[in-house]
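Analysis of the macromolecular model
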Amino acid sequence: MTEEHVTEPADDLIASVFARDCASRHVMGDVTGRWGGLALAALHDGAYRFNALRRRVDGVSEKMLAQTLQALERDGLVRREVQATIPPRVEYSLTPLGERVAAKLKELIELLESEIGQVLAAQRDYDREHAAGVR
C-alpha cells in the first residue's frame with residue numbers, strides 16, 4: 001500500500017509580490033483593488049451584515065461587494081458566518097490575518113486623510129502646469 005502525500009508549500013518559499021507568478025501578487029490585488037481595501041477597513045471596525053457593509057462602503061454595487069467579499073474570504077482575510085435564523089442572517093468579519101492587514105490599511109487611510117490638503121494642492125499645481133503646457 002502506498003502513502004499519499006499532500007503537497008504543501010515549501011518552508012523555504014520566498015514570496016515576492018514583484019514576481020509575475022507569485023500568489024502574493026493576486027492577494028495584493030484583492031486587498032488593494034477598488035473595493036477590497038475599503039471593505040477590509042470597514043470590517044476592521046467590527047462585523048457587518050451584507051447590506052450594512054454595502055451602506056458603509058458608499059458607492060459599491062451589490063454585485064461588486066459580493067465578488068470582493070468572496071475573493072477576500074478565499075484569501076483567508078474575511079470570514080462569512082451564516083446564522084441559523086429565519087430568514088438566515090449572514091455576517092462578515094475579519095480573520096486574524098484580515099485584522100492585521102486591515103490595521104495596516106487603516107494606517108494608510110489615516111495618513112491619506114490627514115494629508116489630503118497637501119494632495120489637493122499638489123493636484124492643483126499639476127493641473128495648472130499641464131493646462132498651460134508647462135512640463
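Everything that follows concerns the structure shown earlier in this document.
Residues numbered from 1 in each chain as written. Predicted model: local features only at pLDDT ≥ 70, side-chain atom pairs only at ≥ 80, totals over all residues. Heavy atoms only, no water.

**With respect to the overall build of the protein**
A count of helical and extended segments in the protein gives six helices and three strands. Secondary structure elements of the protein, listed N to C terminal, follow the sequence α-α-β-α-α-β-β-α-α. By residue count, 24% of the 135 residues in the protein fall in the buried class. Here the analysis covers contacts within the protein between residues at least 6 apart in sequence; of these, 42% occur between residues at least 24 apart. Total accessible area computed for the protein in this model is approximately 10400 Å², and 54% of it derives from carbon and sulfur atoms. (Helix = DSSP H or I, 4+ residues; strand = E, 2+ residues; numbered from the N terminus. Buried < 20%, exposed > 50% of the residue type's maximum accessible area, 1.4 Å probe, protein only. Contact = heavy atoms within 4.5 Å. Areas by Shrake-Rupley, 256 points an atom, 1.4 Å probe, with all protein chains shown as cover.)

**Details of the pattern of salt bridges**
Taken as a whole and assessed by the stated rule, the structure comprises five salt bridges. Between Glu91 and Arg89 there is a salt bridge, with its nearest N and O atoms 3.9 Å apart. Judged by relative accessible area, which is 30%, Arg89 ranks as partly exposed. The partner of Asp125 in a salt bridge is Arg128, with the nearest N and O atoms 2.5 Å apart. Taken together, the positions of Asp125 and Arg128, both in helix 6 (residues 116–131) and three residues apart, correspond to about one turn of that helix. A single network of salt bridges, built from pairs that share partners, joins Asp45, Arg56 and Lys106. (Salt bridge = Lys/Arg side-chain N within 4 Å of Asp/Glu carboxyl O.)

**So, the pairing of strand 2 (residues 78–83)**
Relative to strand 3 (residues 89–94), strand 2 runs antiparallel, the two sharing six bridges. Looking at strand 3, one finds that Val82 is bridged to Val90. In textbook terms, the turn of a hairpin is the stretch between consecutive antiparallel strands, and for strand 2 and strand 3 this stretch comprises five residues. (Pairing = 2+ DSSP bridges.)

**So, the environment of Tyr48**
Within the secondary structure layout, Tyr48 lies in strand 1 (residues 48–49). Accessibility expressed as a relative area gives 18% for Tyr48, which makes it buried. Sequence spacing of Tyr48 and Ser93 is 45 residues, and the spatial spacing of their C-alpha atoms is 6.7 Å. Beyond its immediate sequence surroundings of up to four residues, Tyr48 is in contact with Ala42, Leu43, Leu53, Arg56, Val90, Glu91 and Tyr92. A distance of 3.5 Å separates the side chain of Tyr48 from the side chain of Arg56, its partner in a polar contact. (Polar contact = N/O pair within 3.5 Å; in protein donor to acceptor, adjacent residues only side chain to side chain.)

**Quick notes on the nonpolar core**
Judged by nonpolar contacts, the single largest core of 21 residues is most densely connected at Leu40, Leu43, Leu53, Leu69, Leu72, Val78 and Tyr92. Going through the elements one at a time, helix 2 (36–44), helix 3 (50–56), helix 4 (62–74), strand 3 and helix 5 (96–114) are the ones with two or more residues in this core. Not counting residues up to four positions away in its chain, the partners in contact with Tyr92 are Leu43, Ala47, Tyr48, Phe50, Leu69, Val78, Arg79 and Arg80. (Core = buried A, V, L, I, M, F, W, Y, C linked by side-chain atoms within 4.5 Å.)

**So, the pairing of strand 3**
Regular strands show a simple pattern: their side chains alternate between the two faces of the sheet. Pairing of strand 1 with strand 3, which is carried by two bridges, proceeds in the antiparallel orientation. The partner of Tyr48 across the bridge, within strand 3, is Tyr92.

**A closer look at the environment of Leu94**
Mapped onto the fold, Leu94 is located in strand 3. On the accessibility criterion, Leu94 (6% relative accessible area) is buried. A sequence separation of 18 residues divides Leu94 from Gly76, and the C-alpha atoms of the two residues are 8.8 Å apart. Contact partners of Leu94, with chain neighbours within four places excluded, come to Leu40, Leu43, His44, Leu77, Val78, Arg79, Glu99 and Ala102.

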